[in-house]
Amino acid sequence: MPRSTEANTDARLNAFATGNSTSAGPDGNLNYGLLNQQLQGLIDNETDAIANLANAAALLWQELPKINWVGFYLLKQEQLVLGPFQGKPACSRIPVGEGVCGTAAVMGRTIVVADVHQFPGHIACDLASKSEIVVPLWRDGQLLGLLDIDSPVVDRFDYVDQQGLEELMQTLLARLELPL
Ligand code: SME
């Protein structure tokens, strides 16, 4: 590897190696614009889907406060199959139409659940989870999978989170080599 490429890679990775949140604004709120730039930097020179999904999950895990699980489910033969994630081990497969994830897959749009115990059919992979957001991953009219984030706090995700996460997924989707 040429020395300059090595230095660039080191600089990029060092920004994430501290384990500290680097995307908080002066008011302590998450700055999704900055987070989007960080994601862009992480995946810019990589098109491998697993590598980019894994780094996106790790970045969100590091930067989003008050979450206990973040990861991807990928659509394979009418089932949502567990992809790269951070948090406790989770259900490997979710049928389309079941749970929050399967419902978001059918509806084809983001679902924000303020209290998962009020959502009929919610699949509890971790009893600590109290609220959840699921963002479908669409490219060229095709549903590829979903981003799923759980929080141990009721009503954790608002419209700012929804918009920010949807924009982050657009950045990620532009850098996924298909088929997954
Ligand atoms: N709660 C999800 C299942 C996946 S876990 O949260 C990781 C659902 O109801 O679809």
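Here the structure is shown first, and the text comes after it.
These figures come from a predicted structure and were not determined experimentally.

Colleague: Explain the overall build of the chain here, please?
Modeller: Helix and strand content of the chain: five helices and six strands. In the chain, which comprises 180 residues, the proportion classed as buried is 33%. Pairs at least 24 residues apart make up 52% of the contacts formed inside the chain by residues separated by at least 6 positions.

Colleague: Looking at this structure, how should I read the pairing of strand β1 (residues 69–76)?
Modeller: A regular strand places its side chains on the two faces of the sheet in alternate fashion. In this structure, β1 lies alongside strand β2 (residues 79–87), joined through seven bridges in antiparallel fashion. Its bridge partner lying in β2, Val70 is registered against Gln86. In textbook terms, the turn of a hairpin is the stretch between consecutive antiparallel strands, and for β1 and β2 this stretch comprises two residues, one of which, Gln77, has a positive phi near 50 degrees. In this sheet, strand β6 (residues 142–151) lies alongside β1 in antiparallel orientation, the contact comprising six bridges. Considered in β6, the bridge of Tyr73 is made with Leu146.

Colleague: What is the right way to read the site of the ligand from this model?
Modeller: Lining the immediate surroundings of the ligand are 15 residues, of which Gly99, Val100, Cys101, Ile123 and Cys125 lie closest. Counting residues per element, the ones that place at least two in the shell around the ligand are α4 (99–107) and β6. Here the shell around the ligand takes four residues from α4, the largest share from any one element. Taken together, the residues that form the shell around the ligand break down as eight nonpolar, four polar and three charged.

Colleague: When you look at the nonpolar core in this model, what are you seeing that I'm missing?
Modeller: If you look at the biggest cluster of nonpolar residues, it comprises 40 residues, and the most contacted ones within it are Leu39, Val70, Cys101, Val134, Leu146 and Leu147. With six residues, the top contributor of residues to this core is helix α3 (residues 49–63). Residues in contact with Cys101, not counting those within four places in the same chain, are Tyr73, Leu80, Ile94, Val134, Leu146 and Asp148.

Colleague: Quick question: what am I supposed to make of the pairing of β2 here?
Modeller: Across three bridges, the pairing between β2 and strand β3 (residues 93–95) is antiparallel. Paired with Val81 across the two strands is Arg93, which belongs to β3. The antiparallel pairing of β2 with β3 creates a hairpin that spans five residues between the two strands.

Colleague: What am I meant to see in the sheet that holds strand β5 (residues 131–139) here?
Modeller: The pairing of strands in a sheet happens through backbone hydrogen bonds and is either parallel or antiparallel. The six strands are arranged β3-β2-β1-β6-β5-β4 in an open sheet whose pairing can be described as antiparallel. Sheet topology places β3 and β4 (111–113) at the edges, where each strand pairs with a single neighbour. Strand-to-strand twist across the sheet, computed as the mean angle between neighbouring axes with direction ignored, equals 25 degrees. Packed on one face of the sheet, α4 meets β1, β2, β3, β4, β5 and β6 and runs near 35 degrees to β5. Strand contacts of helix α5 (residues 159–173): β4, β5 and β6, with the helix running at about 35 degrees to β5, the strand carrying the most contacts.

Colleague: Would you mind showing me how to read unusual backbone geometry here?
Modeller: Trans peptide bonds make up the majority, and among non-glycine residues the majority have a negative phi. Cis geometry marks the peptide bond from Leu178 to Pro179; its omega dihedral reads -5 degrees. Mapped onto the elements of the fold, Pro179 is located in the segment after α5. In this structure, Glu78 takes a positive phi of about 65 degrees despite not being glycine. If you trace the backbone, Glu78 turns up in the loop between β1 and β2. A positive phi angle, near 60 degrees, is found at Asp155, a position not held by glycine. When you line up the elements, Asp155 lands in the loop between β6 and α5. In this structure Asp155 comes out as exposed when scored by C-beta crowding, with 12 C-beta atoms within 10 Å.

Criteria and cut-off values
- Residues numbered from 1 in each chain as written.
- Predicted model: local features only at pLDDT ≥ 70, side-chain atom pairs only at ≥ 80, totals over all residues.
- Helix = DSSP H or I, 4+ residues; strand = E, 2+ residues; numbered from the N terminus.
- Buried ≥ 20, exposed ≤ 12 C-beta atoms within 10 Å, placed from the backbone.
- Contact = placed C-beta atoms within 7 Å.
- Pairing = 2+ DSSP bridges.
- Near = placed C-beta within 6 Å.
- Nonpolar A, V, L, I, M, F, W, Y, C, P; charged D, E, K, R; others polar.
- Core = buried A, V, L, I, M, F, W, Y, C linked by C-beta atoms within 7 Å.
- Axes fitted to C-alpha atoms, helices over the stretch in contact; angles between N-to-C directions.

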